[in-house]
Amino acid sequence: MTTDTVPVTPLSIWSPVHLGTDELGRRVEVTLAERNMLIGGEPGGGKSVALQLIVAHGALSADCRLILVDGKRVELGLWRDCAERFIGPSVDDAIDTLRWLQAQIDERTDELLARRLRKITPELGWPVYLVPIDEVAYFSATVGTPTQQKEFNACNRDIVARGRAPGIIPVEATQRPSADIIPTSLRDLFGYRWAFRCSTEASSDTILGHGWANMGYSATEIDPKARGVGWLRAEDGIPRRVKAAYLTDDDIIDLAAWAAQARAHCHADNKDTNAGGTVIRLHGKDDAA
């Protein structure tokens, strides 16, 4: 176990997100602003652990607004007090939220055009919306009517396609990485992909992209006991074997409570809180993959 000391005040959604370590023990980080991510793998493989790391970074970033969508409620529920919106097992609420995000994209795009800008930048001071969806298949193929599922999928694809420039970051996770759940037209819109253990090479390629399994990057070869290990295709476009850092439930509870309080003060005072530089300690198990 290692202890990372993270200064809360300068943490930003524009700064790199710590995800874990690679096979050589090197720190693995990605910059999510202007990006999006698809996470997949069989139950118990580590996708929820990965999602918690990203949500934690967003919650501790004063320039980030969390829109949490979780059909099971328990995976992201500990962060609900930090979120602008928290959607549980309601496909209607999920669709309404995606429509609202589409409206945000339209409004921000209009404003960017008026300012003669092509994309959001930190200097604009606009908050970035981080939109984690845990088990996207719950809304896209499990609950609701075929019409509702079709509408959810259409809205979701639009947000993934258009959200980058105006500052909307979808991060979607599924334990059913198959072509009917994540069609190629949607998968190929995700800049970053993280594949944890999968039962078939087709499922692995559904996350990483077609052909990577044949080149030796197959999530089927990950030991079932190696929870939290996955292939991350991110900054350089080549999959990298990564062991995700780990936040315990107690860590999440403590961080979420601090973040919720800081956000409440920020809204009340209309300024960043904790200017004195208070330090939060994250206890992460960063074993090399």
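We now turn to the structure provided with this report. These numbers come from a predicted model, not from an experiment.

Rules of the game
- Residues numbered from 1 in each chain as written.
- Predicted model: local features only at pLDDT ≥ 70, side-chain atom pairs only at ≥ 80, totals over all residues.
- Heavy atoms only, no water.
- Buried < 20%, exposed > 50% of the residue type's maximum accessible area, 1.4 Å probe, protein only.
- Helix = DSSP H or I, 4+ residues; strand = E, 2+ residues; numbered from the N terminus.
- Pairing = 2+ DSSP bridges.
- Phe/Tyr/Trp six-rings, centres within 6.5 Å; stacked < 30°, edge-to-face > 60°.
- Lys NZ or Arg CZ within 6 Å of the ring centre and 35° of its normal.
- Salt bridge = Lys/Arg side-chain N within 4 Å of Asp/Glu carboxyl O.
- Core = buried A, V, L, I, M, F, W, Y, C linked by side-chain atoms within 4.5 Å.
- Contact = heavy atoms within 4.5 Å.
- Expected span 1.5 Å × (residues − 1).
- Axes fitted to C-alpha atoms, helices over the stretch in contact; angles between N-to-C directions.
- Parallel < 35°, antiparallel > 145°, perpendicular 65-115°, else oblique.
- Left-handed = near helix turned anticlockwise from the far one by under 90°.
- Nonpolar A, V, L, I, M, F, W, Y, C, P; charged D, E, K, R; others polar.

Focus on the pairing of strand β2 (residues 17-22)
The element β2 is extensively covered by neighbouring structure, given that six of its six residues are classed as buried. Here β2 pairs with strand β3 (residues 27-30) via four bridges, running antiparallel. By the bridge assignment for β3, Val 17 is matched with Val 30. Connecting the antiparallel pair β2 and β3 is a turn made up of four residues, with Gly 25 showing a positive phi of about 80 degrees. In terms of strand pairing, β2 meets strand β11 (residues 240-244) through three bridges, oriented antiparallel. Bridging from a neighbouring strand, Thr 21 pairs with Lys 243 of β11.

Comments concerning the packing of aromatic side chains
Counted under the stated rule, the structure contains six aromatic pairs. Taken together, Tyr 138, Phe 139 and Phe 152 form an aromatic cluster joined through their ring pairs. Stacked on the ring of Trp 100, the Lys or Arg Arg 85 has its end atom at 4.2 Å from the ring centre.

Side note on the pattern of salt bridges
Taken as a whole and judged by the stated rule, the model has 18 salt bridges. For Glu 23, the salt bridge is made with Arg 241, and the minimal N-O distance between the two is 3.7 Å. Pair noted here: Glu 23 is in the loop between β2 and β3 and Arg 241 is in strand β11, with a separation of 218 residues, a long-range link. The partner of Asp 188 in a salt bridge is Arg 193, with the nearest N and O atoms 3.7 Å apart. By relative accessible area, which is 45% here, Asp 188 ends up partly exposed.

Details of the nonpolar core
Counting 52 residues, the largest nonpolar core has Met 37, Ile 39, Trp 79 and Trp 194 as the members making the most contacts within it. Residues in contact with Ile 39, not counting those within four places in the same chain, are Lys 47, Ala 50, Leu 51, Ile 54, Val 171, Glu 172, Ala 173, Thr 174, Trp 194, Phe 196 and Ile 207. In terms of nonpolar packing, the next biggest core, distinct from the first, is built from 35 residues, Leu 38, Phe 190, Ile 222 and Val 229 among them.

Describing unusual backbone geometry
Where the residue is not glycine, phi is negative for most of them; where a peptide bond is considered, it is trans in most cases. Positive phi outside glycine occurs at Glu 34, with the angle close to 70 degrees. Looking at where Glu 34 falls in the secondary structure, it is placed in the loop between β3 and β4 (37-40). Positioned with a positive phi, Glu 135 is a non-glycine residue whose angle comes to about 55 degrees.

Some points on the pairing of strand β8 (residues 168-174)
Summarising burial for β8: seven of the seven residues are buried, a large majority. With burial as the criterion, each face of β8 is covered, one bearing Ile 168, Pro 170, Glu 172 and Thr 174 and the other bearing Ile 169, Val 171 and Ala 173.

Some points on helix α2 (residues 91-114)
The first and last C-alpha atoms of α2 sit 35 Å apart over 24 residues, in line with the 34 Å expected at 1.5 Å per residue. Among all positions in α2, only Val 91, Ala 94, Ile 95, Thr 97, Leu 98, Leu 101, Gln 102, Gln 104, Ile 105, Arg 108 and Leu 112 are buried. Where α2 is buried, its residues meet β5 (64-70), β6 (83-87), β7 (128-134), α3 (136-142), α4 (146-162) and β8. Positive backbone phi, at 60 degrees, marks Arg 116, one or two positions downstream of α2.

Looking at the packing of α2 against α4
The interhelical angle for the contact between α2 and α4, taken along N-to-C directions, is 30 degrees, at an axis separation of 9 Å. One finds that α2 runs roughly parallel with respect to α4. For the element pair α2 and α4, the recorded crossing hand is left-handed. Residues Val 91, Asp 92, Ala 94, Ile 95, Leu 98, Arg 99, Leu 101, Gln 102, Ile 105 and Asp 106 of α2 lie in contact with α4, whose contacting residues are Gln 148, Glu 151, Phe 152, Cys 155, Asn 156, Asp 158, Ile 159 and Arg 162. Class assignment for the residues of the contact of α2 with α4 results in nine nonpolar, three polar and six charged.

Things to note about the environment of Val 55
In this fold, Val 55 is placed in helix α1 (residues 47-59). Between the C-alpha atom of Val 55 and that of Ala 83, which follows or precedes it by 28 residues, the distance is 9.9 Å. Those residues within four positions of Val 55 in sequence are excluded, and the remaining contacts are Leu 66, Leu 68, Leu 76, Trp 79, Leu 130 and Pro 132.

Points about the sheet that holds β8
The strand order β3-β2-β11-β10-β9-β4-β8-β7-β5-β6 describes an open sheet built from ten strands, whose pairing is mixed. The outermost strands of the open sheet, each flanked by one partner alone, are β3 and β6. Across the sheet, the mean angle separating the axes of adjacent strands is 25 degrees when strand polarity is ignored. Where strand β10 (residues 229-233) and β11 come together, four bridges link them in antiparallel fashion. Bridging from a neighbouring strand, Val 229 pairs with Lys 243 of β11. Lying over the sheet, α4 contacts β7 and β8, oriented at roughly 130 degrees with respect to β8.

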